Amino acid sequence: MADRAHEAALNARQTDTDATRLESEHTRLVHDHGAAETEAAELGGYAEELAATVNGIKQSSQYKAARELSERLSTLQALKLVSSTALHTAHAAREEEERTAQACHETAQDACDAATSAAQLVSQTNDLLARTGLKLSLPRRPSAVEPPPPSWRRYARTSNTIPSP
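Note that this is a predicted model, so its numbers are computed, not measured.

### Some words on the overall build of the protein
Counting secondary structure elements, the protein contains two helices and zero strands. Within the protein, the fraction of its 165 residues that count as buried is 7%. Contacts spanning at least 24 positions in sequence make up 71% of the contacts within the protein whose residues lie at least 6 apart. Accessible surface, the protein: about 14100 Å² in total, of which carbon and sulfur atoms supply 58%.

### Quick look at the pattern of salt bridges
In the structure shown here, the tally under the stated rule is five salt bridges. Here E68 and R72 are joined by a salt bridge, their closest N and O atoms 2.9 Å apart. Of the two residues, E68 and R72 both sit in helix α2 (residues 61-131), four residues apart, roughly one turn of that helix. According to the relative accessible area criterion, E68 is partly exposed, its value standing at 40%. Between R99 and E96 there is a salt bridge whose closest N-O contact spans 2.8 Å. A residue pair is termed a helical-turn pair when its members lie 3 or 4 positions apart in one helix, as R99 and E96 do in helix α2 at three residues. Its relative accessible area of 48% is what places R99 among the partly exposed residues. What emerges from the salt-bridge pattern is a single network uniting D18, R21 and E25.

Parameters and conventions
- Residues numbered from 1 in each chain as written.
- Predicted model: local features only at pLDDT ≥ 70, side-chain atom pairs only at ≥ 80, totals over all residues.
- Heavy atoms only, no water.
- Helix = DSSP H or I, 4+ residues; strand = E, 2+ residues; numbered from the N terminus.
- Buried < 20%, exposed > 50% of the residue type's maximum accessible area, 1.4 Å probe, protein only.
- Contact = heavy atoms within 4.5 Å.
- Areas by Shrake-Rupley, 256 points an atom, 1.4 Å probe, with all protein chains shown as cover.
- Salt bridge = Lys/Arg side-chain N within 4 Å of Asp/Glu carboxyl O.

Below you can see the structure in the form of structure tokens.
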């Protein structure tokens with residue numbers, strides 16, 4: 001029984017030591033909790049002040065002007081893209097028209113050459129008919145009107161290159 005009493009006394013001392021330590025830890029935690037609540041309240045006050053400052057800035061004429069400038073910049077960038085695309089399309093269309101005009105000019109030149117050749121053949125045939133004594137002749141000699149040289153107009157461009165859309 002003495003061993004039990006001794007063991008119970010040791011357990012009691014250990015429990016008392018543990019209780020003292022836990023009480024000290026509890027006191028420290030209560031103190032830390034109070035300090036954290038105080039700091040949280042201060043930070044909440046700062047957050048309210050910052051929110052009021054941000055709201056004041058948003059209401060300022062400078063903020064409104066900056067927002068308006070940003071919107072205008074976005075609009076200008078969109079217009080730049082649209083105009084760049086339109087310039088690129090116009091440039092491509094102009095090049096296609098130039099190719100078509102050149103092809104038409106070449107076809108007209110070929111037709112004139114063919115008419116000249118036909119005129120020479122008609123003239124030679126009429127000469128041969130006349131030499132053979134036949135009083136027949138081919139219809140009037142075809143005539144060729146030389147097409148005027150192409151006159152391409154280059155329009156002034158405000159940029160040396162056409163930006164890609």
